[in-house]
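# Structural overview for review
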Amino acid sequence: MLLSPDIQAQFPHFDNNLLDTIARIGQWKTFQEGEIVIRKGQFIRSTVLIVHGRVKLYRENDSGEEFFMYHIETGEACALSILCGIRNISSHVGAVAMEETDTILIPIEHMDTLMTQHTSWYHFVMETYRTRFEELLTVVDDIAFKNMDERLNSYLQRQAQALGNQLYLTHQEIAKDLNTSREVISRLLKKMEKKGMIALHRNHIDSSRLCK
């Protein structure tokens, strides 16, 4: 596989030896918007590195209802794909591309070698685990200690940090991520607007005042 010129810019901590190894063993794959990257129950065969794009990780119950966990952004890796691949277990969550997303897939059979022979990969994996653990703690805190309007506030702030203050999210998309109804989200958004926290527009939400 030939690495694109900006791979090193997206993964600045990878040394040249590691980049050469990834070029030799990795597979380039592009996922279209809405395409499933990881399916619940799937056995993970490759670690996923995000070169360009954005992937949403979510939990899905037996009825098909989804609950948003966090996003995997450009320059990051899917910690779940690393963990499940190493342990040879199936995934308990799903992942979907939120836009056209370029990835590098690294077969799991190379994980042990990468961890032991490439220090920059080891540190990257450890930092990935740490970041995802902190994000999961935020999700748990939101569910355990906050009511829905506080959870919505936290959700919008997290989205704004990743996407910018102009959020092109429908009320239905937000409701799906928070596992509630569109009517509840619409009512709470209008309440937030009346308080001057956000501004609702026809096709987006202006969260600039929320994040000050």
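This text follows the structure it describes.
Residues numbered from 1 in each chain as written. Predicted model: local features only at pLDDT ≥ 70, side-chain atom pairs only at ≥ 80, totals over all residues. Heavy atoms only, no water.

### What to know about the pattern of salt bridges
The condition that has to hold: One speaks of a salt bridge when a side-chain nitrogen belonging to Lys or Arg is within 4 Å of a carboxyl oxygen belonging to Asp or Glu. The way it works is that DSSP assigns letters per residue, a run of H or I at least four long becomes a helix, a run of E at least two long becomes a strand, and they are numbered from the N terminus. Exposed residues in this analysis have more than 50% of their type's maximum accessible area, buried residues have under 20%, and partly exposed residues fall in between, with area computed by a 1.4 Å probe over protein chains only.
Tallied over the full model, the rule gives ten salt bridges. For Glu 134, the salt bridge goes to Arg 130, with nearest N and O atoms at 2.7 Å. Taken together, the positions of Glu 134 and Arg 130, both in helix 5 (residues 119–145) and four residues apart, correspond to about one turn of that helix. Judged by its relative accessible area of 42%, Glu 134 is partly exposed. Taken together, the shared-partner salt bridges connect Glu 76, Arg 132 and Glu 135 into one network.

### Quick look at the packing of helix 7 (residues 171–178) against helix 8 (residues 182–194)
Convention followed: Simply put, an axis is a line fit to the C-alpha atoms, just over the touching stretch for a helix, and the angle between two N-to-C directions goes from 0 to 180 degrees. With respect to orientation, any angle under 35 degrees is reported as roughly parallel, any angle over 145 as roughly antiparallel, any angle of 65 to 115 as roughly perpendicular, and every other angle as oblique. Definitions for this section: a left-handed crossing has its near helix turned counterclockwise from the far helix by less than a right angle. A right-handed crossing has that turn clockwise. Contact definition: two residues touch when any of their heavy atoms are within 4.5 Å.
Helix 8 packs onto helix 7 with a crossing angle of 110° between their chain directions and a minimal axis gap of 8 Å. One way to sum up the angle between helix 7 and helix 8 is to call them roughly perpendicular. The chirality of how helix 7 crosses helix 8 is right-handed. Seen from helix 7, the contacting residues are His 171, Gln 172, Ile 174, Ala 175 and Leu 178; seen from helix 8, they are Arg 182, Ile 185, Ser 186 and Leu 189.

### Let's talk about a negative patch on the surface
Inclusion rule: Each patch groups residues whose relative accessible area exceeds 30% and which form no salt bridge, using 9 Å between like charges and 5 Å between nonpolar side chains of Val, Leu, Ile, Met, Phe, Trp and Tyr. Residue exposure ignores everything except the shown protein chains as possible cover, and the areas themselves are Shrake-Rupley values with a 1.4 Å probe. The convention is simple: Lys and Arg are positive, Asp and Glu are negative, and His and the chain ends are not counted. Every charge is mapped onto a representative atom, which is NZ of Lys, CZ of Arg, CG of Asp or CD of Glu.
Taken together, the side chains of Glu 33, Glu 99, Glu 100 and Glu 173 define an acidic patch exposed on the protein surface. Relative to the elements of secondary structure, Glu 173 occurs in helix 7. According to the relative accessible area criterion, Glu 173 is partly exposed, its value standing at 37%.

### Points about the packing of helix 6 (residues 148–163) against helix 8
Axis angle and axis distance: for two packed helices, these are the angle between their axes and the distance between the axes, and together they describe the pair. Quick reminder of the rule: Residue polarity follows a fixed list, in which Ala, Val, Leu, Ile, Met, Phe, Trp, Tyr, Cys and Pro are nonpolar, Asp, Glu, Lys and Arg are charged, and the others, Gly among them, are polar.
Viewed as axis vectors pointing N to C, helix 6 and helix 8 meet at an angle of 75°, and their least axial separation amounts to 10 Å. As summarised for this structure, helix 6 and helix 8 are arranged roughly perpendicular, according to the angle between their axes. From helix 6, Met 148, Asp 149, Leu 152, Asn 153 and Leu 156 reach across to helix 8, where they touch Val 184, Ile 185, Leu 188, Leu 189, Lys 191 and Met 192. Here the residues of the contact of helix 6 with helix 8 are counted per class, giving eight nonpolar, one polar and two charged.

### Brief notes about the packing of aromatic side chains
Two aromatic rings, taken as a pair, are described by how far apart their centres are and by the angle between their planes. To keep it simple, the criterion reads: When the centres of two rings from Phe, Tyr and Trp lie within 6.5 Å, Trp using its six-membered ring, the rings pair. Their planes under 30 degrees apart give stacked, over 60 give edge-to-face, and anything left gives tilted.
The full count for this structure, using the stated rule, is six aromatic pairs. Plain terms: the ring middles of Phe 11 and Phe 14 are 5.1 Å apart, the flat faces sit at 10° to each other, and that makes the pair stacked. Judged by its relative accessible area of 2%, Phe 14 is buried. For the ring pair Phe 11 and Phe 124, a centre distance of 5.9 Å and an interplane angle of 75° mean the geometry is edge-to-face. Taken together, the residues Phe 11 in the loop between helix 1 (7–10) and helix 2 (16–25) and Phe 124 in helix 5 connect sequence positions 113 residues apart. For the pair shown, Phe 11 and Phe 124 are each scored as buried.

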